[in-house]
Amino acid sequence: IVIFAVLLLAAGAAVWWFLGRPIQVAVAKPSRGDAVEAVYATGAVEPVFWAKVSSTGVGRIVEIKVKEGDPVKAGDVLIRLDDREATARLSEARASLKFLQEELARYSKLAESNIASRQAYQRIISQHAAAVAAEAAARQRLTDLTLRAPLDGDVLRLDGNVGEVVKAGDVLVWVGKCCPMRIEAEVDEEDIPLVKRGQKVLVRADAFPGKSFVAVVSSITPKGDPVSKNYRVRITLPGDLPLRIGMTTEVNIVAREAKNALLVPFTAVRAGHVWVVTGGRARRVPVKTGIVGDRRIQIVAGLKGDEVVIADPPTGLKSDARVRTRPLAMDGDG
């Protein structure tokens, strides 16, 4: 009986210790800081004023008149393609046109004298019109073999070498003004309602680790891409930034911002409530939240700021439960 009583007391003590022992939780005090709701996107740096220069047909490069970085004016020759065949075709077209012009003049006089039939005269008119169109097409083909600058600026990039054969549509020269610059970013269709012109943008680039640059949303494309489900957003960059054309960037478009906001860890809020520790026991407190960040969330109402908040309440935590606390290290802005 004595042994049984001892065992029973030991079992009771074990159950009491197990059920009544404090639950260990990580805690943090609410902090004050800037709460930011941002839309994340990626993009590339490009000039505001620029153009691609490409060949409209097949041709061999015979001369390159510029180098990368050279300043150019609109109309300056950039690249010449082999034009021997095009020149011969133009000479042929002009000879045919000259002959038909003479024939048209001759048949015009014959038709006035009723010597030539009306049908023959109309046939010459049609042949002359075709010759005029053929001469214009041959002249345009010859003109297209000389690639010219479409605008004032600098040669940003040059592809191709003398002797290389290029195809129609091959981009050979990028011409543009190095300043001003912008970022063309793709924003998901779910986030685009939050984006407005004039919003502040925080820009980061791998070339400048640890640095953040401030820019502004300048335009939003009215039509999105139904395949990729995103919208093009253009972001204007200040002229004094060290970013270079072609750099890939990460952008955070600031949709909403609150100064000196009361912040708690993001994981502390559960179904509109937080758990605070008072006298070693957990207490459930309803709160009203505001801006949600990656690691923190703004508390608009429900807390005064001097409470101790459980950072990640365990499942099944009950009100008035005994807890043992340890501090939670929090860094970075919410």
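The structure displayed is predicted, hence computed values, not measured ones. (Residues numbered from 1 in each chain as written. Predicted model: local features only at pLDDT ≥ 70, side-chain atom pairs only at ≥ 80, totals over all residues. Heavy atoms only, no water.)

Visitor: Please clarify how the nonpolar core should be interpreted in this entry.
Guide: Here is a general trend for soluble globular proteins: nonpolar side chains tend to be buried in one another's company. In this structure, Val-203, Leu-237 and Leu-243 are the most contacted members of the largest nonpolar core, which totals 23 residues. No other element matches strand β11 (residues 181–188), which puts four residues into this core. If we skip the residues at most four places from it in the chain, Leu-243 touches Val-45, Met-181, Val-203, Ala-205, Phe-208, Phe-213 and Leu-237. Val-66, Ile-79, Leu-151 and Leu-158 belong to the second-largest nonpolar core, a separate cluster that totals 19 residues. (Core = buried A, V, L, I, M, F, W, Y, C linked by side-chain atoms within 4.5 Å. Buried < 20%, exposed > 50% of the residue type's maximum accessible area, 1.4 Å probe, protein only. Helix = DSSP H or I, 4+ residues; strand = E, 2+ residues; numbered from the N terminus. Contact = heavy atoms within 4.5 Å.)

Visitor: Help me understand the pattern of salt bridges in this model?
Guide: Opposite charge on two side chains makes pairing possible when the charged atoms of those side chains draw close. Scanning all chains against the criterion turns up 17 salt bridges. A salt bridge links Asp-34 to Lys-259; its shortest N-O distance comes to 3.4 Å. Placement of the pair is Asp-34 in strand β2 (residues 31–47) and Lys-259 in strand β15 (residues 248–265), with a sequence separation of 225 residues. The exposure class assigned to Asp-34 is partly exposed, which follows from its relative accessible area of 32%. Looking at Lys-259, the relative accessible area reads 59%, which means it is exposed. (Salt bridge = Lys/Arg side-chain N within 4 Å of Asp/Glu carboxyl O.)

Visitor: I tried to follow the side chain of Gln-199 on my own but got confused; where do I start?
Guide: Tracing the backbone through its elements, the reader meets Gln-199 in the loop between β11 and β12 (200–205). Within the local environment of Gln-199, its side chain forms a polar contact with the backbone oxygen of Leu-194, the two atoms lying 3.0 Å apart. Of note is the side chain of Gln-199, whose polar atom sits 2.8 Å from the backbone nitrogen of Lys-196. Not counting chain neighbours up to four residues away, the residues in contact with Gln-199 comprise Leu-194, Ala-215, Val-216, Val-217, Ile-253, Val-254 and Ala-255. (Polar contact = N/O pair within 3.5 Å; in protein donor to acceptor, adjacent residues only side chain to side chain.)

Visitor: For this particular structure, what's the right way to read the environment of Val-276?
Guide: Tracing the sequence through the fold places Val-276 in strand β16 (residues 273–278). Exposure remark for Val-276: the relative accessible area of 1% places this residue in the buried category. Each C-alpha atom, one on Val-276 and one on Leu-303, is 9.6 Å from the other, the two residues being 27 residues apart in sequence. Among residues more than four places away in sequence, those in contact with Val-276 are Arg-281, Ala-282, Arg-283, Val-285, Leu-303, Glu-307, Val-308 and Val-309.

Visitor: Whenever I open this one, the sheet that holds strand β6 (residues 77–81) confuses me. Can you help?
Guide: Sheet strands pair via backbone hydrogen bonds, and the direction of the pair is either parallel or antiparallel. Strand order in the open sheet formed by four strands is β7-β6-β4-β9, and the pairing between neighbours is antiparallel. Where the open sheet ends on each side, the last strands, each with one partner, are β7 (146–148) and β9 (165–166). One ladder, built from two bridges, connects strand β4 (residues 59–64) with β9; its direction is antiparallel. Opposite Arg-60, over in β9, you have Val-165 as the bridge partner. (Pairing = 2+ DSSP bridges.)

Honestly, that's just the spatial picture; any functional story needs more than this.
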